[in-house]
Amino acid sequence: MFKGFYEALYGFVLHTFKSINRRIKSKFPVWRMKEETSEHVHHAVKMFIWLILPLSLAYFFGCQFLFGENVWGSMLWGVAVYFYSNFLPDLPSIYRKKKVEPGSTDLPWYKKYALLLFAPLLVWLLFSDIRLSWRTAETYHNFASLAIYGAFLFAVGFLAFAGLPLSVRDLIKVFFFFFCGIGGFLTHLRVDEIW
């Protein structure tokens, strides 16, 4: 079962990055892209099996038992954000400066991190033939980017899963979503030997 899942995920990720690289006319070699994709997918699936899947099951059955609430939807959103976050640090690279010239200024911090936080929208713009002139030297493979992404995930999770008045079950949903996203980003950083 996991072998088929691995192959489907690998094929999807490789196809997506090949399409993006063709669109931006990147000279990144296909053999290197395959190697990089294989490495990241392998670790993403491994961490999913050993950490995210047991956590998801505990979350699902715990909420069912303690609160009598079906959290199937929020669990699937958490798993989806885990896999998305595994590849997120590489997505904004389509807007990275190829060469940093001495004396050139980088984007303001809010534009830099908009490239990270709204990467799917920017990829969609790329395929819609809408080009942004934003270019940054930021690589997003660092703990500052992780902290900003974590705050963003917490805010999105809070808006999506919390209600008024705030309850313990709402906070559990928010933290599950947050943890899955942070886990995916950290897995990517680990594969790239950042920590």
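Residues numbered from 1 in each chain as written. Predicted model: local features only at pLDDT ≥ 70, side-chain atom pairs only at ≥ 80, totals over all residues. Heavy atoms only, no water.

Engineer: Report on a nonpolar patch on the surface, specifying residues and quantitative values.
Structural biologist: On the surface, F158, L166, L171 and F175 cluster together to form a nonpolar patch covering roughly 340 Å² of accessible area. Within the element layout of this structure, L171 appears in helix 7 (residues 168-191). Relative accessible area serves as the criterion here: at 30%, L171 is assigned to the partly exposed category. (Patch = residues over 30% accessible without salt bridge, like charges linked within 9 Å, V, L, I, M, F, W, Y side chains within 5 Å. Areas by Shrake-Rupley, 256 points an atom, 1.4 Å probe, with all protein chains shown as cover. Salt bridge = Lys/Arg side-chain N within 4 Å of Asp/Glu carboxyl O. Helix = DSSP H or I, 4+ residues; strand = E, 2+ residues; numbered from the N terminus. Buried < 20%, exposed > 50% of the residue type's maximum accessible area, 1.4 Å probe, protein only.)

Engineer: How would you explain the confidence of the model for the protein chain if you had to name every residue and give the values?
Structural biologist: The share of residues in the protein chain with pLDDT of 70 or more is 96%, and the mean pLDDT across the chain is 90. Averaged pLDDT values over the elements of the protein chain bottom out at 87 in helix 5 (residues 119-127) and peak at 97 in helix 6 (residues 143-161). (pLDDT = per-residue confidence, 0-100.)

Engineer: Help me get a handle on the packing of helix 3 (residues 72-87) against helix 6, residues and values and all.
Structural biologist: The description of two packed helices rests on the angle between their axes and on the distance between the axes. Close contact between helix 3 and helix 6 brings their axes to 13 Å; oriented N to C, the two are set at 160°. Taken together, the axes of helix 3 and helix 6 are roughly antiparallel relative to one another. Handedness of the helix 3/helix 6 crossing: right-handed. Of helix 6, the residues touching helix 3 (which contributes S74, W77, V81, Y84 and S85) are Y149, L153 and F161. In the contact of helix 3 with helix 6, the residues fall into six nonpolar, two polar and no charged. (Axes fitted to C-alpha atoms, helices over the stretch in contact; angles between N-to-C directions. Parallel < 35°, antiparallel > 145°, perpendicular 65-115°, else oblique. Left-handed = near helix turned anticlockwise from the far one by under 90°. Contact = heavy atoms within 4.5 Å. Nonpolar A, V, L, I, M, F, W, Y, C, P; charged D, E, K, R; others polar.)

Engineer: Explain the side chain of N21 to me, and be specific about the residues and the numbers.
Structural biologist: Among the structural elements, N21 can be located in helix 1 (residues 2-23). Ignoring sequence-local partners within four residues, the contact set of N21 consists of S26, F28 and M33.

Engineer: I'd like a rundown of the pattern of salt bridges, residues and numbers included.
Structural biologist: Counted according to the given criterion, the structure contains six salt bridges. When the shortest N-O distance is used, the salt bridge between E7 and K3 registers 3.0 Å. Within this pair, E7 and its partner K3 are both found in helix 1, separated by four residues, close to a single helical turn. Overall, E7 belongs to the partly exposed group, its relative accessible area being 44%. By relative accessible area, which is 61% here, K3 ends up exposed. Via salt bridges that share partners, R32, E35 and E36 belong to a single interconnected network.

Engineer: Pulling in residues and values, what's your account of the nonpolar core?
Structural biologist: Y82, F83, L88, L91, L116, Y149 and F185 are the most contacted members of the largest nonpolar core, which has 47 residues in total. Taken together, the elements giving at least two residues each to this core come down to helix 1, helix 2 (30-67), helix 3, helix 4 (109-117), helix 5, helix 6 and helix 7. When neighbours within four sequence positions are excluded, F83 is seen to be in contact with F5, L9, A44 and F48. (Core = buried A, V, L, I, M, F, W, Y, C linked by side-chain atoms within 4.5 Å.)

Engineer: Mind laying out the layout of surface pockets, listing which residues take part and the relevant values?
Structural biologist: Space inside the largest pocket adds up to approximately 500 Å³. Within the residue set of the lining of the largest pocket, elements represented by two or more residues are helix 1 and helix 2. The class makeup of the residues in the lining of the largest pocket is nine nonpolar, six polar and five charged. The volume enclosed by the second largest pocket comes to roughly 240 Å³. For the second largest pocket, the full set of lining residues is L9, F12, V13, T16, F17, F83, Y84, F87, L91, P120 and V123. Taken together, the elements giving at least two residues each to the lining of the second largest pocket come down to helix 1, helix 3 and helix 5. Of the residues forming the lining of the second largest pocket, the biggest block, five residues, is contributed by helix 1. (1 Å grid on protein atoms, 1.4 Å probe; cavity = no way out; pocket = protein on both sides within 12 Å on 5 of 7 lines; lining within 4 Å. Points joined across faces, edges and corners; volume = space filled by probe spheres on them.)

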